[in-house]
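Residue strings, one per chain:
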Amino acid sequence: MKNQRYYTNEHKRYLQNVKRKSILINVARFSILLALLFLWELSARFEWINPFITSSPSRIAKTIAELYKNGTLFFHVGTTLWETLAGFFIAVALGYAIALLLWWSEAFRRISEPYFVVLNALPKIALGPLIIIWCGTGSKAIVFMTVLIGLIVAILNMLNGFMSTDENKLLLLRSMGASKLQILTKLVIPSSLPNFISMLKINVGMAWIGSIMGEYIVSKAGIGYLIVYGGQVFKLDLVMSAVFILCVLAAVMYALVALLEKLVIKNHK
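Positions within a chain are numbered from 1, following the residues in the order the chain's sequence is written. It should be noted that, the model being predicted, local features are given only for residues of pLDDT at least 70 and side-chain atom pairs only at 80 or more, the latter also being counted only at that level, while totals for whole chains, interfaces and linings use all residues. Side-chain metrics in this entry use all non-hydrogen atoms of the structure; hydrogen atoms and water are not considered.

Draft legend 1. Structural detail: unusual backbone geometry. With a phi close to 60°, Glu 47 is a non-glycine residue in the positive phi region. Starting at the N terminus, helices and strands are each numbered in turn, a helix being any DSSP run of H or I of at least four residues and a strand any DSSP run of E of at least two. The residue Glu 47 is located in the loop between α1 (9–45) and α2 (51–54) in this model. Accessibility here uses a 1.4 Å probe with only protein chains present; expressed as a share of the type maximum, an area under 20% marks a residue as buried, one over 50% as exposed, and anything in between as partly exposed. Taking relative accessible area as the criterion, Glu 47 reaches 61% and is therefore assigned exposed. Even without being a glycine, Phe 234 presents a positive backbone phi close to 60°. Inspection of the secondary structure puts Phe 234 in the loop between α11 (223–232) and α12 (236–268). Given a relative accessible area of 57%, Phe 234 falls into the exposed group.

Draft legend 2. Fine view of the pattern of salt bridges. The salt bridge definition used is simple: a Lys or Arg side-chain nitrogen within 4 Å of an Asp or Glu carboxyl oxygen. Taken as a whole and assessed by the stated rule, the structure comprises 3 salt bridges. Here Arg 59 and Asp 237 are joined by a salt bridge, their closest N and O atoms 3.0 Å apart. Linking Arg 59 in helix α3 (residues 57–69) with Asp 237 in helix α12, this pair joins segments that are 178 residues apart in sequence. Between Lys 201 and Glu 261 there is a salt bridge; the shortest N-O distance is 2.7 Å. Of the two residues, Lys 201 sits in helix α10 (residues 193–218) while Glu 261 sits in helix α12, which places them 60 residues apart along the sequence. Among the residues examined, Lys 201 registers a relative accessible area of 23% and is labelled partly exposed.

Draft legend 3. Highlighting the nonpolar core. Ranked by internal contacts, the top residues of the largest apolar core, which has 44 residues, are Phe 88, Phe 162, Val 188, Leu 200, Ile 223 and Ile 245. Looking at this core, the elements with two or more residues in it are α3, α4 (73–104), α7 (139–163), α9 (180–191), α10, α11 and α12. Whether two residues are in contact is decided by their heavy atoms: any pair within 4.5 Å suffices. Residues in contact with Val 188, not counting those within four places in the same chain, are Trp 103, Phe 162, Thr 165, Leu 170 and Ile 183. Counting 8 residues, the second-largest nonpolar core is a separate cluster that includes Leu 127, Ala 141, Met 213 and Val 218. Think of a nonpolar core as a cluster: buried Ala, Val, Leu, Ile, Met, Phe, Trp, Tyr and Cys residues, connected wherever their side-chain atoms sit within 4.5 Å.

Draft legend 4. Quick peek at the environment of Leu 187. Counting through the fold element by element, Leu 187 comes out in helix α9. Note: C-alpha distance between Leu 187 and Val 18 (169 residues apart in sequence) is 33 Å. Those residues in contact with Leu 187 that sit more than four places away from it in its chain are Thr 165, Lys 169, Leu 170, Leu 173 and Gln 182.

Draft legend 5. Broad picture of the packing of aromatic side chains. Here the aromatic set is Phe, Tyr and Trp, taking the six-membered ring for Trp, and pairing holds for ring centres within 6.5 Å; pairs whose planes are under 30 degrees apart are stacked, those over 60 apart are edge-to-face, and all others are tilted. In total, this model carries 7 aromatic pairs according to the counting rule given. With a centroid separation of 5.6 Å and 20° between ring planes, the pair formed by Phe 46 and Trp 48 is classed as stacked. No difference in accessibility class separates Phe 46 from Trp 48, as the two residues are exposed. On the basis of an interplanar angle of 15° and a centroid distance of 6.1 Å, the ring pair of Tyr 225 and Tyr 229 is categorised as stacked. Here Tyr 225 and its partner Tyr 229 are both found in helix α11, 4 residues apart, which amounts to about one turn of the helix. Site record: aromatic cluster; members linked through ring pairs are Tyr 96, Phe 162 and Phe 196. The lysine or arginine in question, Lys 180, covers the ring of Trp 103, its NZ or CZ lying 5.5 Å from the ring centre. Over the ring of Trp 104 we find Lys 180, and its NZ or CZ is 5.4 Å from the ring centre. A ring is scored as having a charge over it whenever the NZ atom of a lysine or the CZ atom of an arginine sits within 6 Å of its centre and within 35 degrees of its normal.

Draft legend 6. Just the packing of α1 against α3, in detail. Helix axes are fitted only over the stretch in contact, all axes being lines through C-alpha atoms; the angle between N-to-C directions runs from 0 to 180 degrees. Contact geometry of α1 with α3 gives a least axis separation of 8 Å together with a crossing angle of 95°. Comparing the axis directions of α1 and α3 gives the class roughly perpendicular. Residues Leu 37, Trp 40, Glu 41 and Arg 45 of α1 lie in contact with α3, whose contacting residues are Pro 57, Ser 58 and Ile 60. Three classes are used, and their members are as follows: Ala, Val, Leu, Ile, Met, Phe, Trp, Tyr, Cys and Pro are nonpolar, Asp, Glu, Lys and Arg are charged, and the others, Gly among them, are polar. Residues belonging to the contact of α1 with α3 are distributed by class as follows: 4 nonpolar, 1 polar and 2 charged. Roughly parallel means an angle under 35 degrees; roughly antiparallel, over 145; roughly perpendicular, 65 to 115; everything else is oblique.

Draft legend 7. View of the layout of surface pockets. In the cavity and pocket records, a cavity denotes points on a 1 Å grid over the protein atoms alone where a 1.4 Å probe fits but cannot get out, a pocket denotes an open set with protein on both sides within 12 Å along at least 5 of 7 lines, and lining residues are residues with an atom within 4 Å of a point. Grid points are joined across faces, edges and corners, and a volume is the space filled by probe spheres set on the points. Considering only enclosed or pocket space, the largest pocket measures out at about 310 Å³ in volume. Its residues assigned to classes, the lining of the largest pocket comprises 13 nonpolar, no polar and no charged.

Laid out in structure tokens, this is it:
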């Protein structure tokens, strides 16, 4: 509150306009979502679309309620959630460490970079049979698949961030006799924070793709299992409910990363 006395009237009006615009955008987003759900429900009720194939919001809500009543909702959600989070954090930590090594050693970078590019282009689903043999048919295989999908993305994004450090600043620190470790800690890592946040955002999607893909192959529990099972027995309400739950969880995880971005930018300033 003390800082407000130093704001000019023009600055206050600008802040009010920014806040008003942000509120309008959020209201528009929510209104569009409600309109789409209402149109979907209306179309299913009057059979403008086939409700057996497309389901409807009310049928999805009923299916989720049934999963909750029979005690399987949180079991399946919890299974997928911990597999996704485990794979996400392992991929991020390992990818960041490997990217640091690649930046540190030019020889290592030049030797290994083509292999990372090839591995990134390789369809990971093709390794499914090998992953089952290596890790079995449990959660280890799913976490491994999640790490495999997110790892290369993390490495390449962070390496790009480290390598895009301002050359003039690098030359300045070198001319002042800074060691490579000092350059890394004082310049390279801080300047790569936007790339780190961007990598986290990308890896949120990669983690969910990896866990669901792994559950398609080997799981007997989880959201991916519900999708596969629902498709096999033609319970499309179950499939759409699982997809809806997946969208909510992914959105929450992305929102947490976006919140982290705001905190990092605020503290970095």
